[in-house]
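So you can see what is in the structure, the chains are spelled out below.
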Amino acid sequence: EQLHQRILQVLGAVTDSLDRDFDRHLTILQTLATSAALQSEDWPKFYEDAKAGLQGRGYLVLLDASGRQVINTYVPYGQAPPFTGDPETIRRMAESKRPVVSNLFTSLVVKKPVFNVSIPILRDGQLRFVMSLGLFPDDLVSLLAAQKLDPRWVLAIWDERGVILARSRDNDRYLGTTLPEKLRVPVGEDAVVRTTNLDGDEVLYAVARSPVSGWGVGVNVPAAFLEQRLQGLWWLLGQSRSWPLALAC
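Residues numbered from 1 in each chain as written. Predicted model: local features only at pLDDT ≥ 70, side-chain atom pairs only at ≥ 80, totals over all residues. Heavy atoms only, no water.

Peer 1: Describe in detail a negative patch on the surface, supporting the description with residues and values.
Peer 2: A grouping of Asp-138, Asp-139, Asp-170 and Asp-172 is seen on the molecular surface, where their side chains present a negatively charged patch. Along the polypeptide, Asp-172 turns up in helix α6 (residues 171-174). Among the residues examined, Asp-172 registers a relative accessible area of 71% and is labelled exposed. (Patch = residues over 30% accessible without salt bridge, like charges linked within 9 Å, V, L, I, M, F, W, Y side chains within 5 Å. Areas by Shrake-Rupley, 256 points an atom, 1.4 Å probe, with all protein chains shown as cover. Salt bridge = Lys/Arg side-chain N within 4 Å of Asp/Glu carboxyl O. Lys, Arg positive; Asp, Glu negative; His and termini not counted. Charge placed at Lys NZ, Arg CZ, Asp CG, Glu CD. Helix = DSSP H or I, 4+ residues; strand = E, 2+ residues; numbered from the N terminus. Buried < 20%, exposed > 50% of the residue type's maximum accessible area, 1.4 Å probe, protein only.)

Right under this line is the structure:
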């Protein structure tokens, strides 16, 4: 029961840390959205404002409603690709007009897997621009490492399609692969199940869903870890039962 509670505690901590990061990214974007240069569509000035405001935390992409890139701070001003590599976010935002956390995709400028945290810029209630913070999966690996767990614990984060964005073990091997359905569907609130993980190990496993992004988070620990602890407890119990006999002798 203690191990089950510890698994759920770690699961909650990872999910909360992930959502706090998303909230910070959204705050940065919402602050930049108040820029006078953005309101007046002074793009060279807004490019400089965005570069200064990010301070190295990812890169900013501004798209118009058709998906055309207006600004991309990953490259010098005026050298942004014609269109976005993340058209799904444009589609979702046109429907909802709400912030969107994208799935993993390959950036046209970075040439590597990235994800976007995006907000809509509306004019007269209509979508005029989409402003995105481009971010790297390596940041998510650091978030998992910050839990400072025994190496036998394995943590993972995946997007809404089930594509793995970060894993605490063998991340390079699994980044961009699709997690099997059985490992990404929550079986119930506060549920810990016994199953087999990606490494083929029998594990105790729990899944949660990020309320902000819709991404999944999974935590597993080898079932052998529990069995070792139980064997230790049985040994201690056996020793405690033998003490009275030893004293009597």
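Peer 1: Tell me about the sheet that holds strand β7 (residues 154-158), residues and numbers included.
Peer 2: With antiparallel pairing, five strands are arranged side by side in an open sheet as β8-β7-β11-β10-β9. In the strand order of this sheet, the two ends are held by β8 (164-167) and β9 (193-196), each with one partner. For this sheet, the mean angle separating the axes of adjacent strands, direction not counted, is 30°. When β9 meets strand β10 (residues 202-209), the two strands line up antiparallel, connected through four bridges. Of the residues in β10, the one forming a bridge with Thr-196 is Glu-202. Helix α5 (residues 137-145) contacts β7 and β8 of the sheet and is inclined by roughly 40° relative to β8. (Pairing = 2+ DSSP bridges. Axes fitted to C-alpha atoms, helices over the stretch in contact; angles between N-to-C directions. Contact = heavy atoms within 4.5 Å.)

Peer 1: Residue-level account of empty space enclosed by the protein, with values.
Peer 2: One water molecule sets the probe size; rolling that probe over the atoms shows where empty space is left. Under the defined criterion, the tally for this structure stands at four cavities of 30 Å³ or more. Quantified by volume, the largest cavity comes out at close to 130 Å³. Taken together, 18 residues line the largest cavity, and the ones lying closest to its centre are Val-61, Thr-84, Gly-85, Phe-105 and Asn-116. Of all the secondary structure elements, the ones that give two or more residues to the lining of the largest cavity are β1 (59-64), β2 (69-72), α4 (87-96), β5 (113-123) and β6 (126-135). For the lining of the largest cavity, the element with the highest residue contribution is β1, accounting for three residues. Of the residues that constitute the lining of the largest cavity, the class distribution is eight nonpolar, nine polar and one charged. (1 Å grid on protein atoms, 1.4 Å probe; cavity = no way out; pocket = protein on both sides within 12 Å on 5 of 7 lines; lining within 4 Å. Points joined across faces, edges and corners; volume = space filled by probe spheres on them. Nonpolar A, V, L, I, M, F, W, Y, C, P; charged D, E, K, R; others polar.)

Peer 1: Would you mind going over the pattern of salt bridges in detail, with residue names and values included?
Peer 2: Scanning the model with the defined rule gives 13 salt bridges in all. A salt bridge links Arg-167 to Asp-199; the shortest N-O distance between them is 3.0 Å. Residue Arg-167 is located in strand β8, and its partner Asp-199 is located in the loop between β9 and β10; the two are separated by 32 residues in the primary sequence. When its relative accessible area of 25% is taken as the criterion, Asp-199 is described as partly exposed. In this structure, Glu-202 and Arg-194 form a salt bridge, with 2.7 Å as the shortest nitrogen-oxygen distance. Exposure remark for Glu-202: the relative accessible area of 45% places this residue in the partly exposed category. Within this structure, Arg-167, Arg-169, Asp-199 and Asp-201 form a network of salt bridges that share partners.

Peer 1: Run through the environment of Asp-19, naming residues and quoting values.
Peer 2: For Asp-19, the position within the fold is in helix α1 (residues 2-32). Residue classification places Asp-19 among the buried residues on the basis of a relative accessible area of 10%. Each C-alpha atom, one on Asp-19 and one on Ser-210, is 6.7 Å from the other, the two residues being 191 residues apart in sequence. Those residues in contact with Asp-19 that lie beyond four places of it in its chain are Ser-210, Pro-211 and Val-212.

Peer 1: For the side chain of Asp-64, give the residues involved together with the corresponding values.
Peer 2: Along the chain, the position of Asp-64 falls in strand β1. Setting aside residues up to four positions removed in sequence, Asp-64 forms contacts with Val-70, Ile-90, Arg-128 and Phe-129.

Peer 1: Requested: an account of the side chain of Ser-102, with residues and values cited.
Peer 2: Among the secondary structure elements, Ser-102 is positioned in the loop between β3 (100-101) and β4 (105-106). Exposure remark for Ser-102: the relative accessible area of 1% places this residue in the buried category. In terms of polar contacts, Ser-102 uses its side chain to reach the backbone amide nitrogen of Asn-116, at 2.8 Å. Apart from residues lying up to four places away in sequence, Ser-102 is in contact with Asp-86, Thr-89, Arg-92, Phe-115, Asn-116 and Trp-215. (Polar contact = N/O pair within 3.5 Å; in protein donor to acceptor, adjacent residues only side chain to side chain.)

Peer 1: Break down helix α3 (residues 43-54) for me, citing the residues and quoting the values.
Peer 2: End to end, α3 covers 16 Å across 12 residues, agreeing with the expected 16 Å (1.5 Å per residue, within 8%). Listed in full, the buried residues belonging to α3 are Trp-43, Phe-46, Tyr-47, Ala-50 and Leu-54. The arc that holds the buried residues of α3, viewed along the axis, is 105°, so those residues lie on one side. In this structure, the buried side of α3 is in contact with α1, α2 (36-39), β1, β2 and β6. Taken from the residues just after α3, Gln-55 is the one with a positive phi, measuring 50°. (Expected span 1.5 Å × (residues − 1). Arc of directions from axis to C-beta.)

On their own, these measurements won't tell you what the molecule is for.
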